[in-house]
Amino acid sequence: MLKELVEKAEKLEQEGKLYPVGYTVYSERIKWEVHLYPDENRIYVKEYDGENRARALTSKRTSGIIAYPFADESAYVLGIETQKGGGQDKNAQKKHQEYMKMLDEMLESSHFSTPLLVEAIDFLRSRLTDETLKKAFAGRKIYGKDWITFVYEKESLKGQHLHELCETKAFWKQKAEEMGCTSAWGYCSICGAKAKALTNITTNVNLLGSRRQIASYNKEAFVSYRVSAKGASLGICFSCAEKASQTLEFLLKNNSIPLFLDKKASGQVNYDSSRNQVATFWLKEDATVTTGKTEFSLSDIFLSTLDFSEKIRVETTEQLVEDFLKSPWSGERASLNLEENAVYLAVFSPNGEGRLALRDWLHVSAGRVKQNLMKYFKAIQLVDAFGMDRRPYGIKELLEILDDTEPNVVKGLLRTAFLGERPPVSLLQSAVRRLRISGARDGSLTDTDKRNKKRKMGLDPRDIWQRLCTIIKLALFYGKEEVNKMDRLDKTRADASYQSGRLLAALEEIQRRAASSKLSSTVVERYYGSASTSPQTVFPMLLSTATKGHMPKIRKNNYGYVELEGLLEEIMTRIDEAGGFPKTLLLSQQGEFALGFYHQRAAINAGKRKNELKRMEVDNNGTLS
């Protein structure tokens, strides 16, 4: 993976998207901008309100006192001890002394050999020594963590922030390399060049709000690739390490999706939890493709598997497959040779504080991904709760409803989508268990009370049902012939568990139509769990109640008796042909039960909606006439 990151770095550098080596953009913005006017012997201080500029950084500063060239915190520049929110920085004076040493080192460095730069450093140093600079802040509230940057207003340096000069960047790069390497020499495992062995990577990457470091990597499982005898934990050179870290930082910021976030009992995300999973994705060669008359990024099409964005707008799974994956792509760039282009996908988790763990790494040709995604999207194609086609769910949407998701499920699902591997077994277990515990209750909500429930849970209960059944369909039928038929009701399916699920949906509808008032609970809420595991013990009782208690009321009130009686007869015939009610259902059969229930309920809802539209049409015609 590091090799691919370094290759990507070279492209990003050409596009000007990477920060200089040893630089990053902090979450803390620059607070003060100091303009030095040597010809007028004047200092002008103002609050900075410009863009958040990149500044020097080293991971070693978290445990030590290290000054940065020119731009730094006021505790370093001026020795300010006062901290925002109260308290004093006891190390402020040590930090200031370190900053002064840094200026002395810069004066002696060959990187600052031009007279104007030497003059600028000397001017700054003298104004710090006689405290003229500190006095220029008089009357302003300044804290030790406030960042200060300098502009030397003379000749060619006018208007330029000194920490952004090429000379300053080169100086800091050399300084960072000296701090991160030992005196031992070795061969870099990425570029092969002979270089000083690296012990510490300067640039940390930001994962879920915390800066973390790639501290080591493994050549084989549990065997670190290192030069331990030389005190160097990494077998890579400084340049490759920095390029890899900076590219990963760029990708995590611009091209990543949190697929699973571990939440506490209070609902807050535990950002340092190793259960969190963040996927980042990139292509060997960026490319655009033209479908119809519109041009799309190839990366956006592939990323839609993880999470749909506004960039890829589709109404149905069929549309996604036909318009974006099945139809031939056209484009001017040679990178559209899919077998030569490659898709890279990495999944990261926090590893305690300050480190990150690589959960999985996929490297596969774009052509193979295209074929696998067609197969994957077919497997997750499912009608909505009203029997209508809908757009597919992204992996993030599927996983966020599974509270007990194992970390390995995330990478298993990614491998199914991108590599064509079988879905993880635990995925089916989680979805079926979720339905048994609370899915049935949520899914039986009426339109009225659904609104209140939605506010409480944050998701539409019917949406939860759709996602769980999508997972079940994927787990049961991925790569099988039935996958195309099982996206909607299949009345002829010769499976007693599937037909039993249909029967429960039919019985629920019979109960609803027979009720003269709002139901406090339905047969689904009370019996879904037992019916989906032991049909033989539950359905005889439910059928007796329906035929003797509910159906006569439906016939009397003319609420669709013939329709429901025909539905019951048709389902019971299928169950008898399949051998009668099963005594118990295995996990896969419980999945079939859930799909049968979902399909039948969607078909009933579709019929209701169709009848409602007909009534509205008749009413409108009557009004017009």
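This text follows the structure it describes.
The following refers to the structure shown. (Residues numbered from 1 in each chain as written. Predicted model: local features only at pLDDT ≥ 70, side-chain atom pairs only at ≥ 80, totals over all residues. Heavy atoms only, no water.)

Right, let's talk about the overall build of the protein for a bit. Within the protein, the regular secondary structure consists of 20 helices and 18 strands. Per-residue burial over the protein gives 52% buried out of 625 residues. Nonlocal contacts in the protein, meaning residues at least 24 apart in sequence, comprise 70% of its contacts between residues at least 6 apart. (Helix = DSSP H or I, 4+ residues; strand = E, 2+ residues; numbered from the N terminus. Buried < 20%, exposed > 50% of the residue type's maximum accessible area, 1.4 Å probe, protein only. Contact = heavy atoms within 4.5 Å.)

As paired elements, strand β17 (residues 342–350) and strand β18 (residues 356–365) share nine bridges and run antiparallel to each other. Residue pairing across strands places Phe-348 opposite Leu-358, the latter belonging to β18. (Pairing = 2+ DSSP bridges.)

It is worth spelling out the pattern of salt bridges at this point. Counted by the stated rule, this structure contains 36 salt bridges. With a shortest N-O distance of 3.3 Å, Lys-8 and Asp-286 are connected by a salt bridge. A residue pair is termed long-range when its members are at least 10 positions apart, and Lys-8 in helix α1 (residues 2–14) and Asp-286 in the loop between β14 (277–283) and β15 (288–291) qualify at 278 residues. Two residues, Glu-164 and Arg-53, come together in a salt bridge whose shortest N-O distance is 2.8 Å. Placement of the pair is Glu-164 in the loop between β6 (147–152) and α6 (166–180) and Arg-53 in the loop between β3 (42–47) and β4 (55–56), with a sequence separation of 111 residues. Judged by relative accessible area, Glu-164 falls into the partly exposed class, the value being 28%. When salt bridges with common partners are traced through the structure, they connect Arg-61, Asp-72, Glu-73 and Lys-145 into a single cluster. (Salt bridge = Lys/Arg side-chain N within 4 Å of Asp/Glu carboxyl O.)

A few words on the nonpolar core. Grouped together as the largest cluster of nonpolar side chains are 102 residues, with contacts concentrated most on Leu-306, Tyr-376, Leu-414, Phe-418, Leu-503 and Leu-504. Counting residues per element, this core draws most heavily on helix α15 (residues 461–477), at 10 residues. Setting aside residues no more than four positions away along its own chain, Phe-418 makes contact with Phe-281, Phe-302, Thr-305, Leu-306, Val-343, Leu-345, Leu-362, Val-364, Val-369 and Asn-372. If you look at the next biggest cluster of nonpolar residues, it comprises 80 residues, including Leu-5, Val-45, Leu-103 and Ala-195. (Core = buried A, V, L, I, M, F, W, Y, C linked by side-chain atoms within 4.5 Å.)

Next up on the list: the pairing of β6. In terms of residue burial, β6 counts as a mostly covered element, since six of its six residues are buried. Judged from the six bridges that link them, strand β2 (residues 30–37) and β6 form a sheet pairing that is parallel. Each bridged residue has a counterpart across the sheet, and for Val-34 the counterpart in β6 is Phe-150.

Here we have four strands laid out as an open sheet, ordered β3-β2-β6-β5, and mixed in their pairing. The two strands at the open ends of the sheet, each matched to only one other strand, are β3 and β5 (72–73). Across the sheet, helix α4 (residues 115–129) lies against β2, β3 and β6, angled at about 130° from β6, the strand it touches most. (Axes fitted to C-alpha atoms, helices over the stretch in contact; angles between N-to-C directions.)

Further remarks concern the environment of Val-25. Relative to the helices and strands, Val-25 resides in the loop between β1 (23–24) and β2. Along the backbone, Val-25 and Ala-54 are 29 residues apart, and their C-alpha atoms lie at a distance of 4.2 Å. Contacts of Val-25, omitting those with residues within four sequence positions, involve Tyr-19, Asn-52, Arg-53 and Ala-54.

A word on the sheet that holds β14. The strands that make up a sheet pair up through hydrogen bonds in the backbone, lying either parallel or antiparallel. Spatial ordering of the open sheet is given by β13-β14-β17-β18, a layout of four strands whose pairing is antiparallel. Unpaired on one side and paired on the other, β13 (256–260) and β18 mark the two borders of the sheet. Across the sheet, the mean angle separating the axes of adjacent strands is 20° when strand polarity is ignored. The sheet contact formed by β14 and β17 spans six bridges and is antiparallel. Of the residues in β17, the one forming a bridge with Phe-281 is Leu-345. Most of the contacts of α1 go to β14, to which it runs at about 55°, and overall it touches β14, β17 and β18.

Turning to the environment of Thr-203, a few remarks are in order. When you line up the elements, Thr-203 lands in the loop between β8 (194–198) and β9 (205–207). The buried category is assigned to Thr-203, whose relative accessible area is 2%. Expressed as a C-alpha distance, the spacing of Thr-203 and Val-21, which sit 182 residues apart in the sequence, is 8.2 Å. Thr-203 has contacts with Gly-22, Leu-57, Glu-242, Ser-245 and Gln-246, leaving out every residue within four places of it along the chain.

So, about empty space enclosed by the protein. Within the structure shown, the criterion is met by two cavities of 30 Å³ or more. Considered as a void within the structure, the second largest cavity measures approximately 50 Å³ in volume. Lining the second largest cavity, in full, are Thr-317, Ile-380, Leu-382, Val-383, Arg-390, Arg-391, Pro-392, Tyr-393, Gln-466, Thr-470 and Tyr-598. By residue class, the composition of the lining of the second largest cavity is six nonpolar, three polar and two charged. (1 Å grid on protein atoms, 1.4 Å probe; cavity = no way out; pocket = protein on both sides within 12 Å on 5 of 7 lines; lining within 4 Å. Points joined across faces, edges and corners; volume = space filled by probe spheres on them. Nonpolar A, V, L, I, M, F, W, Y, C, P; charged D, E, K, R; others polar.)

A few words on the packing of aromatic side chains. Inspection of the entire model under this criterion finds 20 aromatic pairs. Between Tyr-68 and Trp-147, the ring centres sit 6.2 Å apart and the planes meet at 10°, which makes this aromatic pair stacked. You can see Tyr-68 sitting in the loop between β4 and β5 and its partner Trp-147 sitting in strand β6, a full 79 residues away along the chain. Like Trp-147, Tyr-68 is buried. Aromatic pair Trp-282 and Trp-361: ring centres 5.7 Å apart, planes at 35°, arrangement tilted. Linking Trp-282 in strand β14 with Trp-361 in strand β18, this pair joins segments that are 79 residues apart in sequence. Judged by its relative accessible area of 2%, Trp-282 is buried. Put simply, the rings of Trp-465, Tyr-528, Phe-539, Phe-581, Phe-593, Phe-597 and Tyr-598 touch in pairs and so form one group of aromatic residues. In this structure, Lys-31 packs its charged tip against the face of Trp-32, placed 5.5 Å from the ring centre. Taking the ring centre of Trp-147 as reference, the NZ or CZ of Arg-55 above it sits at 4.6 Å. (Phe/Tyr/Trp six-rings, centres within 6.5 Å; stacked < 30°, edge-to-face > 60°. Lys NZ or Arg CZ within 6 Å of the ring centre and 35° of its normal.)

What follows is about the packing of helix α16 (residues 496–514) against helix α17 (residues 523–531). Between α16 and α17, whose axes approach to 10 Å, the crossing angle comes to 160°. As summarised for this structure, α16 and α17 are arranged roughly antiparallel, according to the angle between their axes. In terms of crossing hand, the pair formed by α16 and α17 is right-handed. On the side of α16, the interface is formed by Leu-504, Leu-507, Glu-508 and Gln-511, while α17 contributes Val-523, Val-524, Tyr-528 and Ala-531. (Parallel < 35°, antiparallel > 145°, perpendicular 65-115°, else oblique. Left-handed = near helix turned anticlockwise from the far one by under 90°.)

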